[in-house]
Amino acid sequence: LLESELFGHVKGSFTGAVSDKKGLFEIADGGTLFLDEIGELDISLQAKILRALQEKQIRRVGGVRELNVDVRVVTATNRDLLHMVDEKRFREDLYYRLNVLSIELPALRERRTDIPVLIDYFVKKHTRGTNRKITFSPDARRLLDDYSYPGNVRQLESALERAILLCEDDNVTIDDLPPEM
């Protein structure tokens with residue numbers, strides 16, 4: 001299924017393929033494709049992505065024709081890809097093809113000044129289209145600012161989404177935050 005999402009498929013190539021479908025590489029032709037959690041990909045799919053990047057060609061699942069694509073690929077992972085290369089769980093050639101420019105983002109707990117900015121962003125995101133003006137009790141705000149966030153930014157967003165759903169009178173209290181916090 002992931003191969004079909006990335007490269008598309010032709011009608012009849014598998015059960016449920018009732019028409020030709022463009023994949024993300026084809027759709028992103030001339031632009032940028034973001035692949036999140038690249039370290040989770042199966043090694044056989046890694047080879048196909050490498051080919052798409054090197055040869056600038058793809059073949060839809062079940063297809064016989066090569067399609068030219070020119071795509072800039074940006075990836076993200078929370079895995080140590082170089083360690084995975086050593087363990088033969090990530091293709092070395094794909095690693096070097098992707099690792100043109102690497103940006104390491106420290107864990108949220110190591111960049112505490114980002115927390116207030118992210119809180120404001122996520123509150124706006126999860127109240128967009130409503131008239132809600134969310135406020136925080138001093139204890140809730142202190143907990144949000146001081147928590148270590150082992151789940152990083154996703155955990156912060158999830159905690160805020162929960163709090164916004166549970167809070168009464170648009171005021172988030174410590175009881176609205178997840179119990180593990």
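Our structure is the block above this text.
Residues numbered from 1 in each chain as written. Predicted model: local features only at pLDDT ≥ 70, side-chain atom pairs only at ≥ 80, totals over all residues. Heavy atoms only, no water.

Caption draft 1: The arrangement of a negative patch on the surface in detail. A surface patch of like charges, here negative, comprises D80, D86, E92 and E104. In this structure, D86 sits in helix α4 (residues 81-86). (Patch = residues over 30% accessible without salt bridge, like charges linked within 9 Å, V, L, I, M, F, W, Y side chains within 5 Å. Areas by Shrake-Rupley, 256 points an atom, 1.4 Å probe, with all protein chains shown as cover. Salt bridge = Lys/Arg side-chain N within 4 Å of Asp/Glu carboxyl O. Lys, Arg positive; Asp, Glu negative; His and termini not counted. Charge placed at Lys NZ, Arg CZ, Asp CG, Glu CD. Helix = DSSP H or I, 4+ residues; strand = E, 2+ residues; numbered from the N terminus.)

Caption draft 2: Quick look at a nonpolar patch on the surface. Taken together, the side chains of V100, L101 and I103 define a hydrophobic patch exposed on the protein surface, amounting to about 410 Å² of accessible area. Mapped onto the elements of the fold, L101 is located in the loop between α5 (92-98) and α6 (114-127). Judged by its relative accessible area of 70%, L101 is exposed. (Buried < 20%, exposed > 50% of the residue type's maximum accessible area, 1.4 Å probe, protein only.)

Caption draft 3: Highlighting helix α8 (residues 152-166). In this model, α8 (15 residues) spans 22 Å end to end at C-alpha, consistent with the 21 Å of a helix rising 1.5 Å per residue. For α8, every residue scored as buried is listed here: Q155, L156, E157, A159, L160, A163 and I164. Residues of α8 that are buried make contact with α6, β5 (135-136), α7 (138-146) and β6 (171-172). (Expected span 1.5 Å × (residues − 1). Contact = heavy atoms within 4.5 Å.)

Caption draft 4: Structural context of the side chain of T127. Within the secondary structure layout, T127 lies in helix α6. Apart from the residues lying within four places of it in its own chain, the contact partners of T127 are R132, I134 and I164.

Caption draft 5: Here's a closer look at the pattern of salt bridges. Overall, the coordinates contain 17 salt bridges when judged by the stated rule. Among the salt bridges present, the one from E66 reaches R59, with a minimum N-O distance of 2.4 Å. Residue classification places E66 among the partly exposed residues on the basis of a relative accessible area of 26%. Here the salt bridges do not stand alone but share partners, grouping D20, E26 and R60 into one network.

Caption draft 6: Structural detail: the environment of K125. Within the element layout of this structure, K125 appears in helix α6. K125 sits 32 residues away from E157 along the chain, and the two C-alpha atoms are 9.7 Å apart. In this structure the side chain of K125 is engaged in a polar contact, spanning 2.7 Å, whose partner is the side chain of E157. (Polar contact = N/O pair within 3.5 Å; in protein donor to acceptor, adjacent residues only side chain to side chain.)

Caption draft 7: A look at unusual backbone geometry. For E37, which is not glycine, the phi dihedral falls at a positive 55 degrees. Within the secondary structure layout, E37 lies in the loop between β1 (32-35) and α3 (43-55). Residue E37 is classed as partly exposed on the basis of its relative accessible area of 21%.

Caption draft 8: Up close: the packing of α6 against α7. At a minimum axis distance of 9 Å, the contact between α6 and α7 shows a crossing angle of 120 degrees. By the angle between their axes, α6 is oblique relative to α7. Helix-helix and strand crossings are classified by hand; for α6 and α7 the assignment is right-handed. Here α6 contributes I115, P116, I119 and D120 to the contact with α7, which in turn contributes R141, L144 and D145. (Axes fitted to C-alpha atoms, helices over the stretch in contact; angles between N-to-C directions. Parallel < 35°, antiparallel > 145°, perpendicular 65-115°, else oblique. Left-handed = near helix turned anticlockwise from the far one by under 90°.)

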